[in-house]
Amino acid sequence: MDIESFDFYLPKELIAQHGVEPRDHSRLLALNRKTGKIEHKHFYNLIDYLKKGDVMVINRTKVIPARLIGHKENGVVIECLLLKRLGLNKWEVLLKPAKRLKVGDTLTFLKDKLSLTLLEIKDDGNRVVEFHYEGVFEAILDELGELPLPPYIKEKLEDKNRYQTVYAKEGESVAAPTAGLHFTKELLEKIREKGVIIAEIYLTVGLGTFRPVQCKNIEDHVMHTEEYEVPKETAEQVNLAKKEGRRVVAIGTTSIRTLESSLNEKGELIAQKSSTGIFIYGDYNFKIVDAIVTNFHLPKSTLVMLISAFTGKDNLFNAYDIAVKEKYRFFSLGDAMYIGDNV
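Let us look at the structure shown here. Everything numeric in this text was worked out from a predicted model, so none of it was measured. (Residues numbered from 1 in each chain as written. Predicted model: local features only at pLDDT ≥ 70, side-chain atom pairs only at ≥ 80, totals over all residues. Heavy atoms only, no water.)

Focus on the packing of aromatic side chains
Rule in force here: Aromatic rings from Phe, Tyr and Trp, taking only the six-membered ring of Trp, are treated as a pair when their centres fall within 6.5 Å; an angle between ring planes under 30 degrees marks them as stacked, one over 60 as edge-to-face, and anything in between as tilted. Helix and strand assignments come from DSSP, with helices taken as H or I runs of at least 4 residues and strands as E runs of at least 2, each series counted from the N terminus. With a 1.4 Å probe rolled over the protein chains alone, any residue whose accessible area is under 20% of its type maximum counts as buried; one over 50% counts as exposed, and the rest are partly exposed. Lysine and arginine charges are scored as sitting over a ring when NZ or CZ, respectively, is within 6 Å of the ring centre and within 35 degrees of the ring normal.
The tally for this structure, following the rule as stated, stands at 21 aromatic pairs. Consider the rings of Phe-8 and Phe-330, whose centres lie 6.1 Å apart with planes at 40°: the pair is tilted. Highlighted residues: Phe-8 in the segment before strand S1 (27-32) and Phe-330 in the loop between helix H7 (313-325) and strand S17 (336-340), separated in sequence by 322 residues. Residue classification places Phe-8 among the buried positions, given a relative accessible area of 10%. Among the residues examined, Phe-330 registers a relative accessible area of 0% and is labelled buried. When the ring of Phe-296 is compared with that of Phe-330, the centres are 4.8 Å apart and the planes differ by 40°; the resulting orientation is tilted. Placement of Phe-296 in the loop between strand S16 (291-295) and helix H6 (302-311) and of Phe-330 in the loop between H7 and S17 is noted, with a sequence separation of 34 residues between them. As far as the burial class goes, Phe-296 and Phe-330 line up, both buried. Feature note: the residues Phe-6, Phe-8, Tyr-152, Phe-296, Phe-317, Tyr-320, Tyr-328, Phe-330 and Phe-331 constitute an aromatic cluster, connected by ring pairs. One Lys or Arg, Lys-313, reaches over the ring of Phe-317 and ends 5.7 Å from the middle of that ring.

A word on the side chain of Thr-165
Going by this rule: Here a polar contact means two N or O atoms within 3.5 Å. Within protein one must be a hydrogen donor candidate and the other an acceptor candidate, and residues neighboring in sequence count only if both atoms are side-chain atoms.
Examined against the element boundaries, Thr-165 turns out to sit in the loop between helix H2 (137-144) and strand S11 (170-173). In terms of polar contacts, Thr-165 uses its side chain to reach the backbone amide nitrogen of Ala-168, at 3.0 Å.

Re the sheet that holds strand S3 (residues 55-59)
Condition: Pairing between strands is defined by DSSP: at least two bridges between the two strands are required. Fitted lines through C-alpha atoms serve as axes, helices being fitted only where they are in contact, and the angles separating the N-to-C directions of these axes extend from 0 to 180 degrees.
As summarised here, the arrangement of the 9 strands in space is S2-S1-S17-S16-S14-S3-S12-S13-S15, forming an open sheet in which the pairing is mixed. If you trace the sheet from one side to the other, it starts and ends with strand S2 (38-42) and strand S15 (272-276), each paired once. Each neighbouring strand pair of the sheet contributes to a mean axis angle of 25°, computed without reference to strand direction. Here S3 runs beside strand S12 (residues 197-203); their pairing, made up of 5 bridges, is parallel.

Digging into unusual backbone geometry
Among all residues save glycine, negative phi is the norm, and among peptide bonds the norm is trans. At the junction of Glu-21 and Pro-22, the peptide bond is cis and its omega measures out at -10° in the coordinates. Relative to the helices and strands, Pro-22 resides in the segment before S1. The omega torsion of the bond from Lys-96 to Pro-97 falls at -5°, within 30 degrees of zero and hence cis. Note that Pro-97 resides in the loop between strand S7 (90-96) and strand S8 (106-110). A positive phi angle, close to 60°, is found at Lys-300, a residue other than glycine. In this fold, Lys-300 is placed in the loop between S16 and H6. With relative accessibility at 24%, the residue Lys-300 sits in the partly exposed group. Of note in the backbone geometry, Lys-327 takes a positive phi value of approximately 60° without being a glycine. Here Lys-327 shows up in the loop between H7 and S17. Residue Lys-327 is classed as exposed on the basis of its relative accessible area, which comes to 57%.

Here is the structure:
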């Protein structure tokens, strides 16, 4: 499949720079995945598309303030983006400008409070570092770090929590599971009261979520891997729903990737901690997910390919064309879609 077939025109002014308040007042484009029918709503109307007995799966990962600004002894300023914890004090990071720090060099963020030593330069250009600090690393990170916003968000967030879901619990993600940013605690409570079961998974969202596909033929693309956890209770809830003919509604692509990665030979969801490099596109056969809530994604991205596999590419790109004409807001802090067979 040619990468160019997943491109679309998007005016820059439709790239959202801030979130709507209240969160659930963002717009919602509802799409019937079978007929292509479209309805224009607001996110708080999502409850009208959910059914009693549905299992709605959310990613409860937490975004950490992973962007640190440090300096060498000679005063050169270097940005450090935490990517993955490798040990108690060891992390895989992205440095910018990377070439200004050699193996053995030290970077200081706050005198006597936090510094790092560069241990290794990896083949992919990432670095392995060891942090040195006094106190609790997470507390220092909260004090010194900034949320690593996607590169297309140019404006600084006034409220850090706006790039965090209201149900974030634990984890070390460097990007938010953005479909979940539309929920308020009040909307979640109304959804529970309707008889919808809210189940949780954890997938650590990595930097790879921002990386565009570089290959002309998308089958040649090597997908990034991300760590996930499916709790026992979630596996039981999902498997019972599938057995009884009830729907599983995935909130966001991270939930989709987790659910479709953790299966046994019978197609049942497995409770486990593992990692996934699943690349969903084309005529992929979804085994667990029946309906999706998602944001509007970047052209030529693996995310738009994933959603295309669920809706059919023609249906999705027709919906995107309409969303552009109707001036929906795109990407992480933008508006949302509901995709199911009951629109």
